[in-house]
Amino acid sequence: MLSAYFYDGLRTAFGRHGGGLAPVRPDDLLASVTRTLMERNPAAPGLIEDIVVGCANQAGEDSRCVARHAGLVAGLPIE
């Protein structure tokens with residue numbers, strides 16, 4: 001079986017506690033980066049198996065699976 005890998009990376013904006021990005025949900029911020037990566041590396045969304053995300057300081061409402069939610073918000077299929 002042939003395997004293909006895309007290695008690319010972007011980072012989200014970052015700010016301060018209570019700053020301009022405070023009202024933006026982390027998964028929405030990450031979804032915008034995911035959409036940009038999908039535009040830069042076109043592939044059928046159903047063929048994407050994994051999204052690797054690094055994040056720090058998840059707490060409260062943000063302590064969900066931010067990578068999964070961002071992928072769904074970015075338009076990747078639930079599968």
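In the block above lies the structure referred to throughout.
Residues numbered from 1 in each chain as written. Predicted model: local features only at pLDDT ≥ 70, side-chain atom pairs only at ≥ 80, totals over all residues. Heavy atoms only, no water.

## Focus on the environment of L30
For step 1, the next point in the chain: Along the polypeptide, L30 turns up in helix 1 (residues 26-40).
For step 2, the next point in the chain: Counting along the chain gives 18 residues from L30 to T12, while the straight-line C-alpha distance between them is 6.4 Å.
For step 3, the next point in the chain: Once residues within four sequence positions are removed from consideration, L30 is found in contact with T12, V53, V66, A67 and A70. (Helix = DSSP H or I, 4+ residues; strand = E, 2+ residues; numbered from the N terminus. Contact = heavy atoms within 4.5 Å.)

## Things to note about the packing of helix 1 against helix 2 (residues 66-73)
For step 1, the next point in the chain: It is at 8 Å that the axes of helix 1 and helix 2 come closest, and there the two elements cross at 60°. Put simply, helix 1 runs oblique to helix 2. For the element pair helix 1 and helix 2, the recorded crossing hand is right-handed. Mapping the contact onto sequence places P26, D27, D28, L30, A31 and R35 in helix 1 and V66, A67, H69, A70 and V73 in helix 2.
For step 2, the next point in the chain: Per-class residue counts for the contact of helix 1 with helix 2 are seven nonpolar, one polar and three charged. (Axes fitted to C-alpha atoms, helices over the stretch in contact; angles between N-to-C directions. Parallel < 35°, antiparallel > 145°, perpendicular 65-115°, else oblique. Left-handed = near helix turned anticlockwise from the far one by under 90°. Nonpolar A, V, L, I, M, F, W, Y, C, P; charged D, E, K, R; others polar.)

## With respect to helix 1
For step 1, the next point in the chain: The end-to-end C-alpha separation of helix 1 is 21 Å, in line with the 21 Å expected for 15 residues at 1.5 Å each.
For step 2, the next point in the chain: Within helix 1, the full set of buried residues consists of D27, L30, A31, V33 and T34. Viewed along the axis of helix 1, the buried residues span an arc of 165°, placing them on a single side of the element. (Expected span 1.5 Å × (residues − 1). Buried < 20%, exposed > 50% of the residue type's maximum accessible area, 1.4 Å probe, protein only. Arc of directions from axis to C-beta.)

## Overview of the pattern of salt bridges
For step 1, the next point in the chain: For the structure on display, the rule yields one salt bridge.
For step 2, the next point in the chain: Among the ionic pairs, R25 bridges to D27, the shortest N-O distance being 2.9 Å.
For step 3, the next point in the chain: The class for R25 is partly exposed, based on a relative accessible area of 35%.
For step 4, the next point in the chain: When its relative accessible area of 3% is taken as the criterion, D27 is described as buried. (Salt bridge = Lys/Arg side-chain N within 4 Å of Asp/Glu carboxyl O.)

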